[in-house]
Amino acid sequence: MSEYNFAYLDEQTKRMIRRAILKGLAIPGYQVPFASREMPMPYGWGTGGVQVSAAALTPDDTLKVIDQGADDTTNAVSIRKFFQRTAGVATTEETEQASIIQTRHRIPEATLREDQILVYQVPIPEPLRFLEPRETETRKMHSLEEYGLMHVKLYEDISQHGQIATSYAYPVKVEGRYVMDPSPIPKFDNPKLEMAAIQLFGAGREQRIYAVPPYTQVVSLDFEDYPFEPTKADHACDLCAAADSYLDEVIMDDAGGRMFVCSDTDYCRSRRAAGHVGRLGTEAPLSTGPEAA
Amino acid sequence: MTARTTAQADIYAGGFADPAVASAHAFRAALDVMARPGTWRSLTGAQAPTGLSEAAATLLLTLCDPDTGVYLARDIDSAALRGWLTFHTGAPLVPAAEADFAIGGWDALMPLDQFRIGSSEYPDRSATLVVEIPAQSAPNVTLTGPGIKDSARLHLPDIAALQRNAMLYPLGVDLFFTTGAQVAALPRSSQITAEG
């Protein structure tokens, strides 16, 4: 650890990121430009989230890192080890124990508390980018609160598919002002964006930081006759029988066999530890990792 | 000669004992109060030579560097403080209209409209005020908005001026209030209602 400055980044870089975070909190949903640094991992692996986490970490923190809800995927493991080595912080897989949670594409199932911080890894922070490629134009649209194009997009979903087909990175309006990309979380997670914890978003390649303070109003865009609907697979978890969690579909064989499991591995583990058993689960308690059913 | 040596020693003293860790803890306090307007947190670690609270000194060392222009209001401006700030942060001292951070008592910082409020395309390019107050007074306003569950309460030095600032949203300045080792914040996003 002594080979690195605390949390890897140099102090001037951390100050620059910290100033961007504070402005982001003061203007919820607005994307603050920042001078993103090269990190010792490729773009797309969470370089924005890592920089935000590095600027926010103290030695007293307990860090949890999830990738699509799982603590044990390559991305999550490597980021956790990165901060173990460069910041010497404690790490955990338990949502309850964590003070900072860095996430890629999920919000944990467990309700987050006021003393927790959720850091999102964001690939494309600009919700209007696929509708308008020019940064000069999207910036103008945000400044004029001109979001008609986004509603046209959702309307075209309805006219083509009979419903709003956008299922992840579902656009939200923050505190009645800025339209924001909540990162590619499933729209099932959108209602959880109004939470007690501080939410920070970092996009490394795109060099943007934004934030949602606790209890901020976050409304998923919709129409009166086509209201927003959070969706999930219509099953219960096959390991822990949870009916309220977001599920991954796992193909079991080449004969159409499949199972549904919680995408949040810690939630599933804690439920199984508490004695819940799903269709393909076993009674045996689990101490490490998800079992192969 | 002796006096001069003492003054210089003051300038070099009072920095963070362990900069990386001390500024990390200080930032978390700043993050917490900016995310939860009206909440007070303890902020310690730095000592300015004269006329500046520990909370304000710590905030400056945590957030200022050669990239940020700092404006010292006349009530706290002194050769010793300028020397201390320059030695510890390298931040250039600038007029109010160019400041990223402005620091001082409320009356000395006024008028509020001399500070940058950002532009409609870049509302983040606005000043952050660090307002030194003598003590935590009884709240005179109720705050609502982002970061506040139901409502929060705070004492503001000039309710009307800060209500005008909130009306500029998403433009406007953001404020920290510091006294002793305590800090609270008022982002531009808070709605302010006068009490009583």
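Not measured: the values here are computed from a predicted model. (Residues numbered from 1 in each chain as written. Chains lettered and ligands numbered in written order. Predicted model: local features only at pLDDT ≥ 70, side-chain atom pairs only at ≥ 80, totals over all residues.)

A. Representation of the overall build of chain B. Each helix and strand in chain B was counted, giving six helices and nine strands. In terms of overall size, chain B behaves like a compact globule, its C-alpha atoms giving a radius of gyration of 16 Å where 196 residues would be expected to give roughly 16 Å. Dimensions along the principal axes, computed over C-alpha positions, put chain B at roughly 55 × 30 × 30 Å. Residue burial in chain B is summarised as follows: out of 196 residues, 48% are buried. Within chain B, contacts between residues at least 6 apart in sequence are counted, and of these 69% link residues at least 24 apart. (Helix = DSSP H or I, 4+ residues; strand = E, 2+ residues; numbered from the N terminus. Rg over C-alpha atoms; globule rule 2.2 N^0.38 Å. Buried ≥ 20, exposed ≤ 12 C-beta atoms within 10 Å, placed from the backbone. Contact = placed C-beta atoms within 7 Å.)

B. Representation of the overall build of chain A in the model. A tally of regular secondary structure across chain A gives six helices and twelve strands. For chain A, whose C-alpha radius of gyration is 20 Å, the value lies close to the compact-globule estimate of 19 Å for 293 residues. In chain A, buried positions account for 48% of the 293 residues. Long-range contacts, defined as pairs at least 24 residues apart, comprise 62% of the intrachain contacts of chain A with a sequence gap of at least 6.

C. Structural detail: the interface of chain B and chain A. The interface of chain B with chain A comprises 29 residues on the first partner and 31 residues on the second. Ranked by the residues each element gives to the side of chain B that touches chain A, the list is headed by helix H2 (residues 19–35) of chain B, at twelve residues. A per-class count over the side of chain B that touches chain A returns 15 nonpolar, five polar and nine charged. (Nonpolar A, V, L, I, M, F, W, Y, C, P; charged D, E, K, R; others polar.)

D. Representation of the confidence of the model for chain B in the model. Looking at chain B as a whole, its pLDDT mean stands at 95, while 95% of the residues score no less than 70. For this predicted complex, the interface confidence comes out at an ipTM of 0.96, alongside a pTM of 0.95. (pLDDT = per-residue confidence, 0-100.)

E. Seen up close, the packing of helix H1 (residues 11–26) of chain A against helix H2 (residues 47–56) of chain A. All names here are of chain A. Two elements in contact, H1 and H2, have axes whose closest approach is 9 Å; the angle formed by their N-to-C orientations is 95 degrees. As summarised for this structure, H1 and H2 are arranged roughly perpendicular, according to the angle between their axes. Contacts from Lys14, Ile17, Arg18 and Ile21 of H1 reach H2 at Gln51, Val52, Ala54 and Ala55. By residue class, the composition of the contact of H1 with H2 is five nonpolar, one polar and two charged. (Axes fitted to C-alpha atoms, helices over the stretch in contact; angles between N-to-C directions. Parallel < 35°, antiparallel > 145°, perpendicular 65-115°, else oblique.)

F. Here's a closer look at the pairing of strand S8 (residues 182–186) of chain B. Residues and elements named next belong to chain B. Within S8, five of the five residues are buried, leaving the element largely enclosed by the surrounding structure. Going residue by residue along S8, you find Gln182, Ala184 and Leu186 tucked away on one face and Val183 and Ala185 tucked away on the opposite face as well. In the sheet, strand S7 (residues 174–179) pairs with S8 via five bridges, with the strands oriented antiparallel. Its bridge partner lying in S8, Thr178 is registered against Val183. Between S7 and S8, which pair antiparallel and follow one another directly, the connecting turn spans two residues, one of which, Gly180, has a positive phi of 55 degrees. (Pairing = 2+ DSSP bridges.)

G. Expanded view of the environment of Thr92 of chain A. In this structure, Thr92 of chain A sits in the loop between strand S3 (90–91) and strand S4 (100–104). Not counting residues within four places of it along the chain, the set of residues in contact with Thr92 of chain A comprises Thr62, Lys64, Gln97 and Ala98 of chain A.

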